[in-house]
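A look at the structure
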Amino acid sequence: MKVVIAGFGTVGQGIAEVIGMRQELFSKSFRQKVRIVGAFDSSTFVKDAKGLDPGELVARKAATGGVGAKSQEGKIREFIEEYDFDTLIETTPTNILDAEPGYTYIMAALNAGKNVVTSNKGPLALKFRELSRAAERNKVQLRYEASVGGAMPVINLSRELLRGEHIYSLRGILNGTCNFILNRMKDEGLPFDQALREAQEMGIAERDPSYDIDGVDSACKLAILANAIFNMDVTYHDILRTGIRSITEDAIALAAEQKKVVRLIGEINDKRLEVSPRMVPMGHPLAIGGTLNIVQLITDLAGEITVVGRGAGRRETASALLSDLLAILSDDHAKGR
Ligand SMILES: NC(=O)c1ccc[n+]([C@@H]2O[C@H](COP(=O)([O-])OP(=O)(O)OC[C@H]3O[C@@H](n4cnc5c(N)ncnc54)[C@H](OP(=O)(O)O)[C@@H]3O)[C@@H](O)[C@H]2O)c1
């Protein structure tokens, strides 16, 4: 399989390394190599039909800030359409205003008959239907396990292993930064601003933390889950959203008196499509601490299923992208391609 990596930051570099690490698995299971035949970031570009060395690519990015030569303005889309490769691994930044540049790259690949594996929430949270239809129309795969909860494999689990279940509802914690802040407020009695500052100092929260603490990130992920698992037709704008900015130490202390904790919960059922702070009994799986992500599904046959995992990280997110690449390789293998 020939892949091109779009975006070569934390996640793009992570998947390049993991592709290098798993060549034996690709050869043993599918009798083929996965070759990185191209990569680009915001301003540079490299291609080699024979395959690029992942280690060299990552080293070049670290040493020069780019992956190769300067890319020509407006030429990337043409490159995606015309260059000979099978799968685009799309890891450009999430943009919740217009989904770009990811939307253009993904659409160009799908319409050119190429599979897409992405970690980018923006295009999926805003234009899920358009993208899924383009994939169907062009008989290629669009896979996005990494877009929700990094290494918490809830999408493929629900769509593939639990295909025979009726999934009634889903609840979960989809943002590790909020969970960390709420937990620090409870454990240390810190006011919100101080817990946020601590998270920023530790690199857990961004300098502009609004995307996390106002529930935007969780709402994007919930919209993707609603579309992918519950076959809804929603965007991020359809999610009722309240963040954690106005949670006070008093509210946290009051919850503790009742043996409860406050958590930012995303919920999908036949009445709710909502991200909001909720009280959860201590000891309940959703009272989980740290920066972990967790999702609980309620199904008709299996009952309750809980998945916990790391929501972010270079290798963790690459793990989810790898699972999608393997699914495409398995499908091709089964069809004798
Ligand atoms: N980090 C995680 O743990 C994690 C987990 C789950 C999902 N995600 C999602 O995965 C995606 C990538 O995250 P990340 O952490 O790897 O971000 P990142 O480190 O900021 O990397 C983004 C990459 O995209 C490139 N880029 C920016 N604009 C571009 C453009 N117009 N055309 C081509 N490339 C462009 C950047 O180029 P330069 O290098 O030139 O700046 C950079 O290489 C995001 O959508 C994020 O939400 C991340």
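Residues numbered from 1 in each chain as written. Predicted model: local features only at pLDDT ≥ 70, side-chain atom pairs only at ≥ 80, totals over all residues.

1. As for helix α6 (residues 121-137)
K127 marks the point of greatest bend in α6, at about 100 degrees. Of the positions making up α6, those classed as buried are K121, G122, P123, L124, A125, L126, F128, L131 and A135. Packing partners of the buried residues in α6 comprise α5 (102-111), β7 (142-143) and α11 (216-230). Looking one or two residues past α6, K139 carries a phi angle of roughly 55 degrees, positive in sign. (Bend = angle between axes of the 7 residues up to and from the residue. Helix = DSSP H or I, 4+ residues; strand = E, 2+ residues; numbered from the N terminus. Buried ≥ 20, exposed ≤ 12 C-beta atoms within 10 Å, placed from the backbone. Contact = placed C-beta atoms within 7 Å.)

2. Thoughts on the domain arrangement of the protein
Partitioning the protein into domains gives domain 1 (2-149 + 315-334) and domain 2 (160-311). The C-alpha centroid of domain 2 is placed 28 Å from the C-alpha centroid of domain 1. With 12 residues of domain 1 in contact, the opposing surface of domain 2 contributes 16 residues. The dominant element in the side of domain 1 that touches domain 2, judged by the number of residues it contributes, is α6, at 6 residues. Of the residues assigned to the side of domain 1 that touches domain 2, the class counts are 7 nonpolar, 2 polar and 3 charged. (Domains from an automatic or database assignment. Nonpolar A, V, L, I, M, F, W, Y, C, P; charged D, E, K, R; others polar.)

3. Some remarks on the nonpolar core
Among the nonpolar cores identified, the biggest contains 94 residues, and I5, A39 and I224 are the most heavily contacted of them. The element contributing the most residues to this core is α11, with 10 residues. Both domains that meet at this core, namely domain 1 (2-149 + 315-334) and domain 2 (160-311), each give it at least three residues. Sequence-distant contacts of A39, defined by excluding residues within four places in its chain, comprise V4, I5, F8, V46, L52, L57 and V67. (Core = buried A, V, L, I, M, F, W, Y, C linked by C-beta atoms within 7 Å.)

4. What about the sheet that holds strand β12 (residues 292-299)?
Spatially, 6 strands are ordered β9-β11-β10-β8-β12-β13 in an open sheet, and the strand pairing comes out mixed. The sheet is open, and its two edges are formed by β9 (240-241) and β13 (304-310), each paired on a single side. Both strand β8 (residues 167-173) and β12 contribute to a ladder of 6 bridges, which runs antiparallel. Bridging across to β12, R171 finds its partner in Q296. (Pairing = 2+ DSSP bridges.)

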